Amino acid sequence: MIIDHPLLGPRDSAEFTYLGDARLLDRPDPQSETAAAEFHDYGYIRDNPAGWHEELWFHEAGDRSWLVVTRNTLTHEIREVRLARDVARERRAKG
Amino acid sequence: MRYSGFRVIKEALTGHKGWTAAWREPDPQPAYDIVIVGGGGHGLATAYYLASKYNQHRVAVIEKGWIGGGNVGRNTTIIRSNYLLDGNEPFYEFSLKLWEGLEQDFNYNAMVSQRGILNLIHSDAQRDAFIRRGNAMILNGADAELLSTAQIKERYPFLNTENARFPIKGGLAQHRGGTVRHDAVAWGYARGADSRGVDIIQNCEVTGFRIENGKCLGVETTKGFIGAGKVGCAVAGSSSRLMSHAGMRLPMESHVLQAFVSEGLKPVLPGVITFGAGHFYVSQSDKGGLVFGGDIDGYNTYAQRGNLPVVEDVCEGGMAIFPMLGRARLLRMWGGIMDMSMDGSPIIDRTHIDGLYFNGGWCYGGFKATPASGYAFAHLLATDTPHDTATAYRFDRFERGLMIDEKGMGNQPNLH
Ligand SMILES: Cc1cc2nc3c(=O)[nH]c(=O)nc-3n(C[C@H](O)[C@H](O)[C@H](O)COP(=O)(O)OP(=O)(O)OC[C@H]3O[C@@H](n4cnc5c(N)ncnc54)[C@H](O)[C@@H]3O)c2cc1C
């Protein structure tokens, strides 16, 4: 697979390590009443869809940036690659 | 029809006209007591033990493709019971004992071969860890033996014990481990279940569950609705997809594992060997091909094919211990979708929906588990209590902090 890095251009996926679903950016609020249940879901439960999946990849053998890659788990086609920083800021701004 | 040596001779003398199909191809009935979704090793074994041990005969196995087309026919066929943790070791040892009697039990030649498995040791820390594991195995009634480099050299003279980047410092052997002809396991269980009245329905995909007032009443399929007193799901890599029809999200990711087979060679490798400094395992099939594999690719996927970086990594692992492998040509490679759980261990449990049961999370080690998994799942379906060897395989273990994490990797499925 080739990941089209927003800053560096097309890179071999072997340069990256994979973390998982990009929902991991949305850490639950530890102060909430239901924090225990929310952290259980956050830590252990996944959608694991067959089809489009937003996921976190770390450019370990490159510029060490975190990326959010939108990839099809049925075909390995990659539709969009963004810096995780930008995605996280955008999500935070939306609340 | 019973298979035996006598039968083979009789058929040989009468022109092989007496052989019949090993199982029927029935149309689905409107309803069954128990419906098993997934005709892989685990689903078929479950049906077999339901019929043979728990006296349940109104049972169907629903398979979307053909039986044996999933991971049960794609794996590298290694069986062993060399686990460390209490939640696992009794279960896997139970499984190995069932393998030992399986062919007589279901009257089918599954080519169970206890040729032994050897895990190589490359560092002092690894030796300590393997000694501990070996002791845990012995405590649970399994066999384990620590071998020195000299003993290994005697048995496997071709291993690169000198001049290696990761020198071989010994090994942990389980002599009762070995290999089994994988698809014969599916066929043997299918035939055994069918002859006890189980309907095996192929080319029939389960597309949903009929759930009313918190109770599962049956499954929607491409051949129509099939009613069921209880539904047991055992679809391995498709677990999240299937259970999403019941509104469930699982502690699991689906990943691809690749396997490789070389051209046929004369007998060179007597047992199963695993490389401890990287991840590489190899055995030789009876046809002569070297069958080997390594790590999963490491990203979520439902495509039954992997990528080249892992091919390179696996072959490097092989070359590191086994330089003569470099002269062999690769014949075939393929992939299968693994149900990688959050702690690397499986789940055999009821769901929160009445009448709906789940078996999955086998990661890349579920072939060896096939007999015990089927037995334990049949026990759960028939009695509504977990089997003695499977009490730890519950959905709520993550919530309760009772993870069964052999490698201590945490909630990162691609590291298990
Ligand atoms: C390359 C590779 C190497 C492996 N090596 C080993 C090894 O050496 N040792 C070991 O112990 N384990 C190994 N494994 C793991 C082992 O093969 C699996 O854990 C085990 O086979 C999974 O259980 P199963 O046989 O029931 O799965 P499967 O055979 O995959 O059965 C699941 C079945 O469910 C069916 N299904 C899915 N969705 C539906 C639906 N909606 N409706 C109806 N049917 C459906 C599928 O078609 C499939 O036939 C390996 C796996 C792979 C891929």
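It should be emphasised that the depicted structure is a prediction, and the values quoted were computed from it without experimental measurement. (Residues numbered from 1 in each chain as written. Chains lettered and ligands numbered in written order. Predicted model: local features only at pLDDT ≥ 70, side-chain atom pairs only at ≥ 80, totals over all residues. Heavy atoms only, no water.)

Asks: I'm lost on the overall build of chain B in this one. Help?
Replies: Of the regular secondary structure elements, chain B holds nine helices and 18 strands. On the principal axes, the C-alpha backbone points of chain B span a range of 65 × 65 × 40 Å. The proportion of buried residues among the 416 residues of chain B is 57%. A sequence separation of at least 24 residues applies to 74% of the contacts in chain B between residues at least 6 apart. As presented, chain B carries roughly 17000 Å² of accessible surface, and 52% of it is formed by carbon and sulfur atoms. The positive charge centre, built from 41 side chains, and the negative charge centre, built from 41, are 5 Å apart in chain B. (Helix = DSSP H or I, 4+ residues; strand = E, 2+ residues; numbered from the N terminus. Buried < 20%, exposed > 50% of the residue type's maximum accessible area, 1.4 Å probe, protein only. Contact = heavy atoms within 4.5 Å. Areas by Shrake-Rupley, 256 points an atom, 1.4 Å probe, with all protein chains shown as cover. Lys, Arg positive; Asp, Glu negative; His and termini not counted. Charge placed at Lys NZ, Arg CZ, Asp CG, Glu CD.)

Asks: Before we go on, may I ask you to explain the domain arrangement of chain B in this structure?
Replies: Interfaces are often described in size by the accessible area the parts lose on coming together. Residue and element names in this part refer to chain B. Domain boundaries in chain B define domain 1 (27-81 + 83-108 + 182-252 + 343-415) and domain 2 (117-178 + 254-340). Using C-alpha coordinates to define each centre, domain 1 is positioned 27 Å away from domain 2. Across the contact, 30 residues belong to domain 1 and 34 residues belong to domain 2. When domain 1 packs against domain 2, close to 2800 Å² is buried across both sides, 55% of that on carbon and sulfur atoms. Where domain 1 meets domain 2, there are two salt bridges. For the salt bridge of Arg176 with Glu93, the shortest nitrogen-to-oxygen distance reads 2.8 Å. Inspection of the region where domain 1 meets domain 2 yields 13 residue pairs in polar contact (both at pLDDT 80 or more). The set of elements that each furnish at least two residues to the side of domain 1 that touches domain 2 consists of strand E3 (78-79), helix H3 (89-106) and helix H7 (239-244). The leading source of residues in the side of domain 1 that touches domain 2 is H3, at six residues. Residue composition of the side of domain 1 that touches domain 2, by class: 13 nonpolar, 10 polar and seven charged. (Domains from an automatic or database assignment. Buried area = accessible area lost by both parts, 1.4 Å probe. Salt bridge = Lys/Arg side-chain N within 4 Å of Asp/Glu carboxyl O. Polar contact = N/O pair within 3.5 Å; in protein donor to acceptor, adjacent residues only side chain to side chain. Nonpolar A, V, L, I, M, F, W, Y, C, P; charged D, E, K, R; others polar.)

Asks: Even after reading the chapter, I still don't get the environment of His175 of chain B, so can you show me in this structure?
Replies: Residues and elements named next belong to chain B. Take His175: it is sitting in the loop between strand E6 (170-174) and strand E7 (178-179). Sequence separation of His175 and Arg332 is 157 residues, and the distance between their C-alpha atoms is 29 Å. Contacts of His175, omitting those with residues within four sequence positions, involve Gln114, Arg115, Gly116, Asp143, Glu145 and Arg155. Of the polar contacts made by the side chain of His175, one reaches the side chain of Glu145; its length is 2.7 Å.

Asks: Help me out: how do you make sense of the environment of Ala22 of chain B in this one?
Replies: Residues and elements named next belong to chain B. Summarising the element assignment, Ala22 is placed in the loop between helix H1 (5-13) and strand E1 (31-37). When the C-alpha atoms of Ala22 and Met1 are compared, they prove to be 8.4 Å apart, with 21 residues separating the residues in sequence. If we ignore the near neighbours within four places in the chain, the residues touching Ala22 are Tyr3, Arg191 and Asp194.

Asks: How do you make sense of the packing of helix H2 (residues 41-53) of chain B against H3 of chain B when you look at a structure like this?
Replies: Angle between the axes and distance between the axes: these two values describe a pair of packed helices. Residues and elements named next belong to chain B. Two elements in contact, H2 and H3, have axes separated by 14 Å at closest approach and are oriented at 65°. It follows that H2 is roughly perpendicular to H3 by the angle criterion. At the point where H2 passes H3, the crossing takes the left-handed sense. Counting all contacts with H2, which are made through Tyr48, Tyr49 and Lys53, the residues of H3 involved are Leu98, Leu102, Asp105 and Phe106. (Axes fitted to C-alpha atoms, helices over the stretch in contact; angles between N-to-C directions. Parallel < 35°, antiparallel > 145°, perpendicular 65-115°, else oblique. Left-handed = near helix turned anticlockwise from the far one by under 90°.)

Asks: Looking at this model, I keep getting lost on the state of the cysteines. Mind explaining?
Replies: Two cysteines form a disulfide when their sulfur atoms are joined by a covalent bond. The tally for this structure, following the rule as stated, stands at zero disulfides over all chains. Not part of a disulfide, Cys204 of chain B finds its nearest cysteine sulfur in Cys233 of chain B, a span of 13 Å. (Disulfide = S-S within 2.5 Å.)

Asks: How should the packing of aromatic side chains be read in this particular structure?
Replies: Residues and elements named next belong to chain B. One pass over the full model with this rule turns up 28 aromatic pairs over all chains. When the centroid spacing of 6.0 Å and the interplanar angle of 80° are considered together, the rings of Tyr3 and Trp19 count as edge-to-face. Of this pair, Tyr3 sits in the segment before H1 while Trp19 sits in the loop between H1 and E1, and the two are 16 residues apart along the sequence. Note on Tyr48 and Phe106: the rings are 6.2 Å apart at their centroids and 80° apart in plane angle, and the pair reads as edge-to-face. With a gap of 58 residues between them, Tyr48 in helix H2 and Phe106 in helix H3 connect regions that are remote in the sequence. Looking at Tyr48, the relative accessible area reads 0%, which means it is buried. Judged by relative accessible area, Phe106 falls into the buried class, the value being 3%. (Phe/Tyr/Trp six-rings, centres within 6.5 Å; stacked < 30°, edge-to-face > 60°.)

Asks: Hey, could you run me through helix H6 (residues 182-195) of chain B in this one?
Replies: The α-helix winds at 3.6 residues per turn, so residues separated by three or four positions along the chain end up facing the same way. All names here are of chain B. An ideal rise of 1.5 Å per residue puts 20 Å on 14 residues; H6 measures up with 20 Å between its terminal C-alpha atoms. In the core, the buried residues of H6 are packed alongside H2, H3, strand E8 (199-201) and helix H9 (370-383). In the stretch just after H6, Gly197 is the one whose phi turns positive, near 100°. (Expected span 1.5 Å × (residues − 1).)

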